[in-house]
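Structural features, examined
So the chains spell out like this:
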Amino acid sequence: MKILIVYAHPEPKSMNGAMFNTAITTLQEAGHEVQTSDLYAMQFNPTSDRTNFTSVYNDAFFKQQLEEQHASRVNGFAADVAAEQEKIAWCDVMIWQFPMWWFSIPAILKGWVDRVFAMGTSYGNGHIYETGIYTGKKAMLSLTIGGPEDAYISGGLHGDLENILKPIHRGIFQFTGFSVLEPQVIHGPARMSPEERALALEKWTERLTQIAEEAAIELTAY
């Protein structure tokens, strides 16, 4: 399989960094092709504006979706955007590795989505959800959370994690056609012992060796 890992953490020695490196090694050793986007190392620009494009549809008023549609017709995306779009088109499975910050993804990853998931290449012309452009591909979130697991359940302090992640699972992945795999979640990595971290990485390795056979989860609309 062809697998894209999008990694958003500024510290290579973090648990996220360990999970990112573990995924690369495990998947390659299992015979999969792997491409990566290490957003902080790439110094990926998360700001979405006219620098997304080499083409211009309307130079008097910037409407991003119209510029995206035009760029998709004339091959007018900036090189950094086009390279990431090609990775998504290439992959069978996309994994995002990140820490959950403020109940969402880091700004650099959100900016990557804003710039890369463009109308005309990732959605549009009626191609959403079941008819999405990325139908047949799978996507997975692999994330760390600072708080304990019992705080992220129904009735817990922060509420059900499934609902917290739904804007990503439903609003980005399913919207563009991806089938969604169960998220890989590590709670409180800063409070883990070395043995606990090693066990978590071992479980991650075991899961990744079976990723080709893993079935998508069922998600309901809002």
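Right, let's walk through the structure included here. (Residues numbered from 1 in each chain as written. Predicted model: local features only at pLDDT ≥ 70, side-chain atom pairs only at ≥ 80, totals over all residues. Heavy atoms only, no water.)

**Brief notes about the overall build of the protein chain**
Broken down by element type, the protein chain carries 7 helices and 6 strands. Going from the N terminus to the C terminus, the protein chain shows its helices and strands as β-α-β-α-α-α-β-α-β-α-β-β-α. Compactness check: the protein chain gives a C-alpha radius of gyration of 18 Å against a globular reference of 17 Å for 222 residues, within 12% of the reference. In the protein chain, which comprises 222 residues, the proportion classed as buried is 49%. Expressed as a percentage of contacts within the protein chain between residues at least 6 apart in sequence, the contacts between residues at least 24 apart total 74%. Side chains of the protein chain give 16 positive and 26 negative charges; the mean places of these two sets differ by 5 Å. (Helix = DSSP H or I, 4+ residues; strand = E, 2+ residues; numbered from the N terminus. Rg over C-alpha atoms; globule rule 2.2 N^0.38 Å. Buried < 20%, exposed > 50% of the residue type's maximum accessible area, 1.4 Å probe, protein only. Contact = heavy atoms within 4.5 Å. Lys, Arg positive; Asp, Glu negative; His and termini not counted. Charge placed at Lys NZ, Arg CZ, Asp CG, Glu CD.)

**Concerning the packing of helix H1 (residues 15-29) against helix H7 (residues 194-208)**
Here H1 crosses H7 at 35°, and the two axes come no closer than 10 Å. As for the relative orientation of H1 and H7, their crossing is right-handed in sense. Facing H1, whose interface residues are Met 15, Ala 18, Met 19, Thr 22, Ala 23, Thr 26 and Leu 27, H7 presents Arg 197, Ala 200, Leu 201, Trp 204, Thr 205 and Leu 208. Within the contact of H1 with H7, the residues separate by chemical class into 9 nonpolar, 3 polar and 1 charged. (Axes fitted to C-alpha atoms, helices over the stretch in contact; angles between N-to-C directions. Left-handed = near helix turned anticlockwise from the far one by under 90°. Nonpolar A, V, L, I, M, F, W, Y, C, P; charged D, E, K, R; others polar.)

**Thoughts on the pairing of strand E2 (residues 33-38)**
Here strand E1 (residues 2-7) pairs with E2 via 6 bridges, running parallel. Bridging across to E2, Ile 3 finds its partner in Val 34. Once you follow E1 into H1 and on to E2, the crossover reads as right-handed. (Pairing = 2+ DSSP bridges. Right-handed = clockwise from strand over helix to strand, strands pointing away.)

**Considering the environment of Ala 216**
Within the secondary structure layout, Ala 216 lies in the segment after H7. Look at Ala 216 and you get partly exposed, because its relative accessible area is 37%. As a C-alpha pair, Ala 216 and Met 140 span 76 residues in sequence and 9.4 Å in three-dimensional space. If near-sequence neighbours (up to four positions away) are discounted, Ala 216 is found in contact with Ser 179, Val 180 and Leu 181.

**Some details on the packing of aromatic side chains**
Taken as a whole and judged by the stated rule, the model has 11 aromatic pairs. With a centroid separation of 4.8 Å and an interplanar angle of 70°, the aromatic rings of Trp 96 and Phe 173 are classed as edge-to-face. Remark: Phe 173 occurs in helix H6 (residues 161-173) and Trp 96 occurs in strand E3 (residues 93-99); sequence separation between them is 77 residues. Residue class for Trp 96 comes out buried when judged on its relative accessible area of 0%. Overall, Phe 173 belongs to the buried group, its relative accessible area being 0%. Taking the centre distance of 5.0 Å and the plane angle of 45° together, the rings of Tyr 134 and Phe 178 count as tilted. Separated by 44 residues along the polypeptide, Tyr 134 in the loop between helix H5 (107-116) and strand E4 (138-145) and Phe 178 in the loop between H6 and strand E5 (179-180) bring together distant segments of the chain. Just as Tyr 134 is buried, Phe 178 falls in that class too. Taken together, Trp 96, Trp 112, Phe 117, Tyr 134, Phe 173 and Phe 178 form an aromatic cluster joined through their ring pairs. (Phe/Tyr/Trp six-rings, centres within 6.5 Å; stacked < 30°, edge-to-face > 60°.)

**Side note on the packing of helix H4 (residues 79-90) against H5**
Here H4 crosses H5 at 90°, and the two axes come no closer than 9 Å. Classed by the angle they form, the pair H4 and H5 counts as roughly perpendicular. Of the residues in H5, those touching H4 at Asp 80, Val 81, Glu 84, Gln 85 and Ile 88 are Trp 112, Arg 115 and Val 116. Within the contact of H4 with H5, the residues separate by chemical class into 4 nonpolar, 1 polar and 3 charged. (Parallel < 35°, antiparallel > 145°, perpendicular 65-115°, else oblique.)

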